[in-house]
Amino acid sequence: MRPLVPNDDKPIGRRAICCSCTRRELTSRSVSCCGANRTHRAGRAEGLSAAAAAMSRLRSALYRGKKTTLEMTDTTTAVRKRSKAAVKEEETTDPAPSTYHTFQDRADVVLLRSQLLHWYDKGKRELPWRTVAMTEPDLNIRTYAVWVSEIMLQQTQVATVIDYYNKWMKRWPTVQDLAAATLEEVNQMWAGLGYYSRGKRLHEGAQKVVSELKGQMPRTVESLLKQLPGVGRYTAGAIGSIALGQVTGVVDGNVIRVLCRTRAIGADSTSPAVTEALWGLANTLVDPERPGDFNQAMMELGARVCTPKSPLCGQCPIQSHCRSYRKVCVKQEKNSKRLLGKLDRISSALPDIEDCTSGGKCPLCPAEPWDDELGVQNFPRKPGKKPPRVERTLTCVVVRSVEDGEDEYLLTQRPSKGLLAGMWEFPSLLLEEENSEMKQKGALCAEISRMLGVQVNQSLFKYIGEVVHSFSHIHQTYVVYHVCLKEGADTQTPENTQWLTRSALQEAAVSTGVKKILKLYDSAENQEERPSKDGKRKKTTGVKDDKKPQTSKKAKLSAANSGTRQLYLSSFFKTVKEES
């Protein structure tokens, strides 16, 4: 270690250590240990104190800076999050509908009610369910009767329903009577009305009312909606307003058309925004004194005047409230002036006062431009329907001759769930792919032989024609064959099959498609029995001018019909190949 050098550059001896004021001499000069060291220590302490203070200030400044930076970062992050949330909300939230599509003036609502009910009272149709609703004092029977009518009227025209309704109410006048019936009896009564699951749900609902509700029909719209199977928002509103006098609007196909044209609602009528807007309008307009009559008047107007095609605008009792009709009149006036050269070019560039003023952002306005040729039929707009599924089905009319009696027909029962649940039909096989007539006969022969437990000769099967029948989602073509079994044939009758006479078949729970097949069979039989000009009996060739069975490469079909009994043709061909 280098020795400490004082200011006079003379070396001094080793520095003594001062501890607790102990004096030690320095070798080169006399220096007071305590005084020198106190001065040294004081200076050093002062320097350290200043350094510590500076360091403390630096740390404080750094801490404050860091804190400020963190606060700024948190604030920026929060602002960014709020901005993103606001942008996301703006993107996901639909703009509010314009008041152009509503009724703002209370006086207009009151006037519309008066005009519509006056028209309804003057010329309403006399319908059996309306008579019951007006005259039946028993609230339970009245609610049940309106419920039956509303279920039958779903997707079915009034003229078709009347006879079915009268027969139904004569057989089952109360909900207790319907609950005591069998599903087979209900299907039999419903046969030909279509959408067969409706009858099943009515039957299930009646049994629920008797077993769980002590035979009392629900008394409010909410309970109707909650407790009855197959009852949706419209049906509950209709029953509640017509039978129970509850003040609630209804929205069915007819009402949708009336409201969309009245308030120029041109967006997709199935969209959530339009659906809620229509229910809001219906609940605003319904007359609190006569809710049932008002709702029926709206439906009557849509069915008779504001029709899908060729609407009778000149006979409409609420024409003065119709924005669509007003728009047509304005367009016609402008077109007339344009043809006469009297239309001001400047005014033609201005927005139409009969249009919504939301700047193209209104969720109720049409996306497509106005079509002058359609007029009020521009409203409502519906999305294009999905094309029905195409199916082809092999069907065989199996007839058994009975000694001293009527011929009998073999029928099989469909599964309890799905299309035509629980209904009866002729033995059938879904066509999976293109097949020749020989293969079709072979498949039917194998299936009928399996069902009856006897070997049926394939040569007995005769092709008689095709029947086309359309369901709501299926375009069905029945490829029809016929076989007549010998008298006295020893056949078995497996479960879910039965032999019916012609008179019993007419009364059975069979679909319209089966009735069409039976009609084709009768036509073929008549041709066979009718003698030709040379006196010989004419050979059966079907009803399509001797055409062979038609097949289609496009007709690969899904297995949607008769459960485990309805098999694909390929399974038969595979079995035959393995046996050979």
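Values in this document were obtained by computation on a predicted structure and should not be read as measured data. (Residues numbered from 1 in each chain as written. Predicted model: local features only at pLDDT ≥ 70, side-chain atom pairs only at ≥ 80, totals over all residues. Heavy atoms only, no water.)

Bringing the overall build of the protein into the picture now. Each helix and strand counted, the protein has 19 helices and seven strands in total. Going through the 580 residues of the protein one by one, you find that 41% of them count as buried. When contacts within the protein are restricted to residue pairs at least 6 apart in sequence, long-range pairs at least 24 apart make up 70% of them. (Helix = DSSP H or I, 4+ residues; strand = E, 2+ residues; numbered from the N terminus. Buried < 20%, exposed > 50% of the residue type's maximum accessible area, 1.4 Å probe, protein only. Contact = heavy atoms within 4.5 Å.)

As paired elements, strand 5 (residues 462-470) and strand 6 (residues 474-485) share eight bridges and run antiparallel to each other. Its bridge partner lying in strand 6, Tyr463 is registered against Tyr481. What sits between strand 5 and strand 6 in their antiparallel hairpin is a turn of three residues. (Pairing = 2+ DSSP bridges.)

Next up on the list: helix 10 (residues 233-244). Helix length check: helix 10, at twelve residues, gives a terminal C-alpha distance of 15 Å against a target of 16 Å (1.5 Å per residue), a fit within 8%. Counting buried residues in helix 10 gives eleven out of twelve residues, a clear majority hidden from the surface. Those residues of helix 10 that sit buried are Tyr234, Thr235, Ala236, Gly237, Ala238, Ile239, Gly240, Ser241, Ile242, Ala243 and Leu244. The elements touched by buried residues of helix 10 are helix 3 (128-135), helix 4 (139-153), helix 9 (221-227), helix 12 (272-285) and helix 13 (291-304). Gly245 occupies a position one or two residues after helix 10 and carries a positive phi of about 70°. (Expected span 1.5 Å × (residues − 1).)

Right, let's get into the packing of aromatic side chains. With the rule as written, the count across this model stands at seven aromatic pairs. Here Trp168 and Trp172 contribute two aromatic rings whose centre-to-centre distance is 4.8 Å and whose plane-to-plane angle is 75°, an arrangement assigned as edge-to-face. Its end group placed over the ring of Trp279, Arg233 keeps NZ or CZ at 4.2 Å from the ring centre. (Phe/Tyr/Trp six-rings, centres within 6.5 Å; stacked < 30°, edge-to-face > 60°. Lys NZ or Arg CZ within 6 Å of the ring centre and 35° of its normal.)

On to the packing of helix 7 (residues 183-190) against helix 8 (residues 197-212). One can describe the packing of helix 7 onto helix 8 by two numbers: an axis separation of 9 Å at closest approach and a directional angle of 140°. On the basis of their axis angle, the class for helix 7 and helix 8 is oblique. Crossing geometry of helix 7 relative to helix 8 is assigned as right-handed. Two secondary-structure elements touch here, helix 7 through Leu183, Val186 and Trp190 and helix 8 through Arg198, Gly199, Lys200, Leu202 and His203. Taken together, the residues of the contact of helix 7 with helix 8 break down into four nonpolar, two polar and two charged. (Axes fitted to C-alpha atoms, helices over the stretch in contact; angles between N-to-C directions. Parallel < 35°, antiparallel > 145°, perpendicular 65-115°, else oblique. Left-handed = near helix turned anticlockwise from the far one by under 90°. Nonpolar A, V, L, I, M, F, W, Y, C, P; charged D, E, K, R; others polar.)

A word on the nonpolar core. Counting 106 residues, the largest nonpolar core has Tyr144, Trp147, Met152, Trp168 and Tyr409 as the members making the most contacts within it. Top contributing element to this core by residue count: helix 4, with eight residues. Those residues in contact with Trp147 that sit more than four places away from it in its chain are Val175, Leu202, Gly205, Ala206, Met217, Leu228, Val231 and Ile239. Leu410, Cys445, Val479 and Leu485 belong to the second-largest nonpolar core, a separate cluster that totals 20 residues. (Core = buried A, V, L, I, M, F, W, Y, C linked by side-chain atoms within 4.5 Å.)

Now for helix 16 (residues 437-452). With 16 residues, helix 16 should cover 22 Å at 1.5 Å per step; its first-to-last C-alpha distance of 22 Å lies within 8% of that length. All of the buried residues in helix 16 are Gln440, Lys441, Ala443, Leu444, Cys445, Glu447, Ile448, Ser449, Met451 and Leu452. Among the residues trailing helix 16, Gly453 stands out with phi positive, at a value near 75°.

Looking at the secondary structure, you find Gln296 in helix 13. Sequence separation of Gln296 and Arg130 is 166 residues, and the distance between their C-alpha atoms is 9.3 Å. Aside from chain neighbours lying at most four places away, what touches Gln296 is Tyr120, Arg130 and Ile242.

The next thing to look at is the side chain of Thr235. Examined against the element boundaries, Thr235 turns out to sit in helix 10. A polar contact of 3.1 Å, which involves the side chain of Thr235, links it to the side chain of Gln154. Once residues within four sequence positions are removed from consideration, Thr235 is found in contact with Glu150, Ile151 and Gln154. (Polar contact = N/O pair within 3.5 Å; in protein donor to acceptor, adjacent residues only side chain to side chain.)

Turning our eyes to something else, we now look at the pattern of salt bridges. For the structure shown, the criterion picks out 14 salt bridges. One salt bridge connects Glu466 with Arg392, and the closest N-O pair in it is separated by 3.1 Å. Placement of the pair is Glu466 in strand 5 and Arg392 in strand 1 (residues 389-400), with a sequence separation of 74 residues. In this structure, Glu466 and Arg392 share a single accessibility class: buried. Glu425 is paired through a salt bridge with Arg414; the nearest N and O atoms lie 3.2 Å apart. Within this pair, whereas Glu425 is found in strand 3 (residues 424-425), its partner Arg414 is found in the loop between strand 2 (408-413) and strand 3, the two being separated by eleven residues in sequence. Salt bridges sharing partners connect three or more residues here, namely Arg125, Arg130, Glu300 and Arg304. (Salt bridge = Lys/Arg side-chain N within 4 Å of Asp/Glu carboxyl O.)

Summary statistics for the protein give a mean pLDDT of 78 and a share of 71% for residues scoring 70 or more. Confidence drops under a pLDDT of 50 for residues 85-92, and excluding neighbours within four residues, the segment shows zero contacts in the predicted structure. Across residues 551-580 the pLDDT falls below 50, and counting only partners more than four positions away or on other chains, this stretch makes 70 contacts in the model. (pLDDT = per-residue confidence, 0-100.)

What follows is about the packing of helix 10 against helix 13. For any two helices packed against each other, one specifies the inter-axial angle together with the distance between the axes. Packing of helix 10 against helix 13 leaves a shortest axis separation of 7 Å and a crossing angle of 130°. Considering their axes alone, helix 10 and helix 13 lie oblique with respect to each other. The hand of the helix 10/helix 13 crossing is left-handed. Seen from helix 10, the contacting residues are Tyr234, Ser241 and Ile242; seen from helix 13, they are Pro291, Gly292, Asn295, Gln296 and Met299. Counted by class, the contact of helix 10 with helix 13 contains four nonpolar, four polar and no charged residues.

Right, let's talk about the pairing of strand 2 for a bit. Burial analysis of strand 2 places six of its six residues in the buried class, which makes it a mostly covered element. What you see with strand 2 is no split at all: Glu408, Leu410 and Thr412 on one side and Tyr409, Leu411 and Gln413 on the other are buried throughout. Relative to strand 2, strand 1 runs antiparallel, the two being bridged by two bridges. By the bridge assignment, Arg400 is partnered in strand 2 with Glu408. Examined bridge by bridge, strand 2 and strand 7 (residues 497-501) share five bridges and lie antiparallel to one another.

Going from Phe379 to Pro380, the amide bond is cis rather than trans, its omega being -5°. Note on placement: Pro380 falls in the loop between helix 15 (345-348) and strand 1. Its identity is not glycine, yet Tyr195 carries a phi of approximately 45°, on the positive side. Its location among the elements puts Tyr195 in the loop between helix 7 and helix 8. Positive phi, normally seen in glycine, also occurs at Lys214, with a value near 60°. Tracing the backbone through its elements, the reader meets Lys214 in the loop between helix 8 and helix 9. By relative accessible area, which is 77% here, Lys214 ends up exposed.

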